[in-house]
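# Fold and contact review
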Amino acid sequence: MGLLDTILGRSKPVRPDLDQLFALPSAALTLQAGAGYTPTGLGSVCFAGVEGGGFARIRQDVQELLDADTGEDSHPVEFSQDSYGYTWLLARQAPGDTATLVNDLHAVNTLLQDGGFGPQLLCSLISFRDEQDRSLALVYLYKRGSFYPFAPQPGAAEKRDNPRELQVRAIIGDDLRIESDLARWFPVWGAPGL
């Protein structure tokens, strides 16, 4: 950071630390013990799509990597686009195997980052459900290097359960680096797997 950046009040963005994703299995145990949320075995990575051969090759590499350990009829990886034009990758594992799911999400993020597409990465998430079948996601913001909970209200069209999100933040605050700026707790409506 230069002198001009300091004078103008600009700050250097937080560098993404993808290894923080490996704290998710521990946070999942804390969340299950503290609030009754169990992992669904579903996780997603969201990124801005890019055209071109290099990106198509990385997408194929991701597909091959994550499909390598499954049977012929099983498709743990699905790509989709949301209404905003962002690409989502949905990965599946057994609900109790959060560690393997996190490894898959980490591998996808790493392949995209190492391929020069780090700026296109937006977020990664894993989903949970509680005894009342309410959904919850722990979202990792790639550009901020932090997590936040996202809890949609059941049966409500695009309404969040903010008290539940704050409760989850209090429960997992020691396990994950939680995003301190609540304005950055973006909703991820329609995220695959949520």
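Shown above is the structure to which this text applies.
The rules behind these values
- Residues numbered from 1 in each chain as written.
- Predicted model: local features only at pLDDT ≥ 70, side-chain atom pairs only at ≥ 80, totals over all residues.
- Heavy atoms only, no water.
- Axes fitted to C-alpha atoms, helices over the stretch in contact; angles between N-to-C directions.
- Helix = DSSP H or I, 4+ residues; strand = E, 2+ residues; numbered from the N terminus.
- Parallel < 35°, antiparallel > 145°, perpendicular 65-115°, else oblique.
- Left-handed = near helix turned anticlockwise from the far one by under 90°.
- Contact = heavy atoms within 4.5 Å.
- Nonpolar A, V, L, I, M, F, W, Y, C, P; charged D, E, K, R; others polar.
- Pairing = 2+ DSSP bridges.
- Core = buried A, V, L, I, M, F, W, Y, C linked by side-chain atoms within 4.5 Å.
- Buried < 20%, exposed > 50% of the residue type's maximum accessible area, 1.4 Å probe, protein only.

### Examining the packing of helix 2 (residues 24-35) against helix 5 (residues 162-172)
With their axes 9 Å apart at the nearest point, helix 2 and helix 5 run at an angle of 120° to one another. Of the possible angle classes, the one that applies to helix 2 and helix 5 is oblique. With respect to the hand of their crossing, helix 2 and helix 5 are arranged in right-handed fashion. On the side of helix 2, the interface is formed by Ala-27, Thr-30, Leu-31, Gly-34 and Ala-35, while helix 5 contributes Val-168, Ile-171 and Ile-172. Its residues placed into classes, the contact of helix 2 with helix 5 shows six nonpolar, two polar and no charged.

### What to know about the sheet that holds strand 2 (residues 77-81)
Neighbouring strands of a sheet are bound in pairs by backbone hydrogen bonds; such pairs are parallel or else antiparallel. One open sheet accounts for six strands, arranged 2-3-1-4-5-6; its pairing is antiparallel. Here the strands that pair on one side only, and so sit at the sheet edges, are strand 2 and strand 6 (146-150). Looking at each pair of strands side by side, their axes are set apart by 20° on average, direction ignored. As judged from the seven bridges shared by strand 4 (residues 121-129) and strand 5 (residues 135-141), these two strands associate in the antiparallel manner. Each bridged residue has a counterpart across the sheet, and for Leu-125 the counterpart in strand 5 is Val-139. Lying over the sheet, helix 5 contacts strand 5 and strand 6, oriented at roughly 60° with respect to strand 5.

### A few points about the nonpolar core
Ranked by size, the top nonpolar core spans 48 residues in total, and within it Leu-89 and Val-188 carry the most contacts. With near-sequence residues (within four places) excluded, Leu-89 lies in contact with Gly-43, Ser-44, Val-45, Phe-47, Val-62, Leu-66, Val-77, Glu-78, Phe-79 and Val-108.

### Remarks on the packing of helix 3 (residues 53-67) against helix 4 (residues 98-117)
Each pair of packed helices can be described by the angle between their axes along with the distance between the axes. The N-to-C vectors of helix 3 and helix 4 enclose an angle of 160°; their axes lie 10 Å apart at closest approach. Judged by the inter-axis angle, helix 3 sits roughly antiparallel to helix 4. For the pair helix 3 and helix 4, the sense of crossing is right-handed. Together, Gly-54, Phe-55, Ile-58, Asp-61, Val-62, Leu-65 and Leu-66 of helix 3 and Asp-104, Ala-107, Val-108, Leu-111, Leu-112, Gly-115 and Phe-117 of helix 4 make up the contact between the two elements. Of the residues belonging to the contact of helix 3 with helix 4, the class tally is ten nonpolar, two polar and two charged.

None of this, on its own, says anything about what the molecule does.
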